[in-house]
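Take a look at the letters that make up each chain.
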Amino acid sequence: MRVLVIGSGGRESALAWALTRSPSVTSVFAAPGNPGIARIAEVLDVDASSPAAAVEAARTMNADLVVVGPEAPLVAGVGDALRRDGFKVFGPNANAAHIEGSKAYAKELMDRGGVPTARWQAFDEVDKAVGFMDELGPPYVVKADGLAAGKGVLVASERDEAVEAVRDRIERRVFGDAGASVVIEEFLDGEETSLIAFTDGEAVVGCEVAQDYKRAFDDDAGPNTGGMGSYSPVPVCPPETADRILSEIIEPMVRTTADAGAPFVGALYAGLALTSRGPRVVEFNARFGDPETQALLPRLRSDFGEVLLATATGELSGSRLEWSPRSCVSVVLASAGYPGSYDTGAEISGLDEVEARDDVVVFHAGTAVEGERLVTAGGRVLAVSALGIDFVAARERAYEATNGITFEGKHQRFDIGLRAAEVSS
Ligand code: AMP
Ligand code: GLY
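Since this is a predicted model, take the numbers as computed values, not measurements.

A short note on the site of ligand 2
The full set of residues close to ligand 2 is Asp212, Lys214, Tyr269, Asn285, Arg287, Gly289, Asp290, Pro291 and Glu292. A distance of 3.0 Å separates an oxygen atom of ligand 2 from a polar side-chain atom of asparagine 285. The separation between a nitrogen atom of ligand 2 and a polar side-chain atom of glutamate 292 is 2.7 Å. Relative to its free-state accessible area of 200 Å², ligand 2 is covered by the protein chains to the extent of 90%. Tallied by class, the residues present in the shell around ligand 2 amount to two nonpolar, two polar and five charged.

Following this line, the structure appears as structure tokens:
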């Protein structure tokens, strides 16, 4: 099977890597990919995030299956265009991806399907938004309705800060049109965890759970980022809890999207808070999590290509996934300043030696090749994933590896997987 991956980030690096290890897959292509993917697959130098470009890339590569990584192309209708052209696609059509494209729409569907989530309302007027915020009380949760690269959410205990966040979104349009409408919701307490499930629109097969770290600095300080690291499995979310999430949250959501005339085909991502009243949805995404995927796929033992194809073709029922019992920790190496402004073009060294180590895999996220040199080219530069018999061993291996990689302005968190190591040891 010839598989084309659309996208260029750390998640797509992990998807491409797992596909190259799948017995069912003969060739892996990526558009546009990145220098890390280029070492293991054939990359096409085209940005395939528009429907026309995606179709062109799939035709050029004669793809048997197209896997769409990021949310933006899905929301833009890349899945629809590819399907219209006869391609098998892993990833929802635009109407189903709308659960990520609009937080208010996702909330409406959750309410309709009886899926447990935070109380909420959507507003496009500052005064009314602030009124509902006051009704709920602190901590305040303010979200841009539309896509904002994971940065449109503010959680604050200070009322002034929350009011400014409402103004930033609705009046000052800090997130452009994505913030013209805001969702104000109840604060959910409890550990967060992510469950990604494959669904062909009917059948559902869950992955094991993972947890990501959204804040920029250790101990969850600093601004929200796209994700600074992840680990899997999650000791505070045992298999019984994961089963409950599948039956109380994922399965009803899959039925509700189908009933709404927008059946979901692909990876349905539930970000959850494990509250004292049970698991509650923080958000749904229409794709694999980034960076959860970088900690999940190194643990997958099943043929990844096969399950993606079964999902894309409505044949998922009866599939089972096998996971390694080992722990995986994935640490993101970012550019100083991220998620704000940062420099690029710093030379990266030490990668070859680190990549040669057992049980370590390095996924590129924001890198570029300049002449003979590999340089930084994004906020998140690399994700370094390591497996171990437990979280203590996985962390040790991951951090030894990150120590071996250097570039000017390297920023990372040092507490990835620490809670899991403490809980499970
Ligand atoms: P989202 O993009 O909706 O996942 O929000 C980003 C992050 O903000 C989440 O991972 C949580 O850490 C936090 N967050 C979002 N919604 C809530 C909520 N209702 N209660 C507590 N924290 C939240
Ligand atoms: N890790 C959170 C996300 O992928 O949106």
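Side note on the pairing of strand 17 (residues 278–285)
Strand 17 sits mainly inside the fold: seven of its eight residues count as buried. What sits between the antiparallel neighbours strand 16 (residues 266–275) and strand 17 is a turn of two residues.

Things to note about the pattern of salt bridges
For the coordinates displayed, the defined rule picks out 30 salt bridges. Between arginine 39 and aspartate 352 there is a salt bridge, with its nearest N and O atoms 3.8 Å apart. Of this pair, arginine 39 sits in the loop between helix 2 (35–38) and strand 3 (42–43) while aspartate 352 sits in helix 13 (residues 351–355), placing them 313 residues apart in sequence. In this structure, aspartate 290 and arginine 380 form a salt bridge, with 3.6 Å as the shortest nitrogen-oxygen distance. Highlighted residues: aspartate 290 in the loop between strand 17 and helix 11 (292–296) and arginine 380 in strand 22 (residues 380–388), separated in sequence by 90 residues.

Section: the packing of helix 1 (residues 10–20) against helix 12 (residues 304–312)
Contact pair helix 1 / helix 12: the axes reach a minimum separation of 7 Å and the direction vectors enclose 110°. By the criterion of interaxial angle, the relationship of helix 1 to helix 12 is roughly perpendicular. The residues of helix 12 that touch helix 1, namely those facing Leu15, Ala18 and Leu19, are Phe304, Gly305 and Leu308. Partitioning the contact of helix 1 with helix 12 into residue classes produces five nonpolar, one polar and no charged.

Digging into the sheet that holds strand 4 (residues 65–68)
What holds strands together in a sheet is hydrogen bonding between their backbones, with the strands either parallel or antiparallel. With parallel pairing, five strands are arranged side by side in an open sheet as 3-2-1-4-5. The open sheet terminates on both sides in strands that have one partner only, identified here as strand 3 and strand 5 (89–90). Examined bridge by bridge, strand 1 (residues 2–7) and strand 2 (residues 27–32) share six bridges and lie parallel to one another. Bridge pairing in strand 2 links arginine 2 to serine 27. Here helix 1 sits on the sheet and contacts strand 1, strand 2 and strand 4; the angle it forms with strand 1, its principal contact strand, is near 170°.

Conventions used here
Residues numbered from 1 in each chain as written. Chains lettered and ligands numbered in written order. Predicted model: local features only at pLDDT ≥ 70, side-chain atom pairs only at ≥ 80, totals over all residues. Heavy atoms only, no water. Near = heavy atom within 4 Å. Polar contact = N/O pair within 3.5 Å; in protein donor to acceptor, adjacent residues only side chain to side chain. Areas by Shrake-Rupley, 256 points an atom, 1.4 Å probe, with all protein chains shown as cover. Nonpolar A, V, L, I, M, F, W, Y, C, P; charged D, E, K, R; others polar. Buried < 20%, exposed > 50% of the residue type's maximum accessible area, 1.4 Å probe, protein only. Helix = DSSP H or I, 4+ residues; strand = E, 2+ residues; numbered from the N terminus. Pairing = 2+ DSSP bridges. Salt bridge = Lys/Arg side-chain N within 4 Å of Asp/Glu carboxyl O. Axes fitted to C-alpha atoms, helices over the stretch in contact; angles between N-to-C directions. Parallel < 35°, antiparallel > 145°, perpendicular 65-115°, else oblique. Contact = heavy atoms within 4.5 Å.

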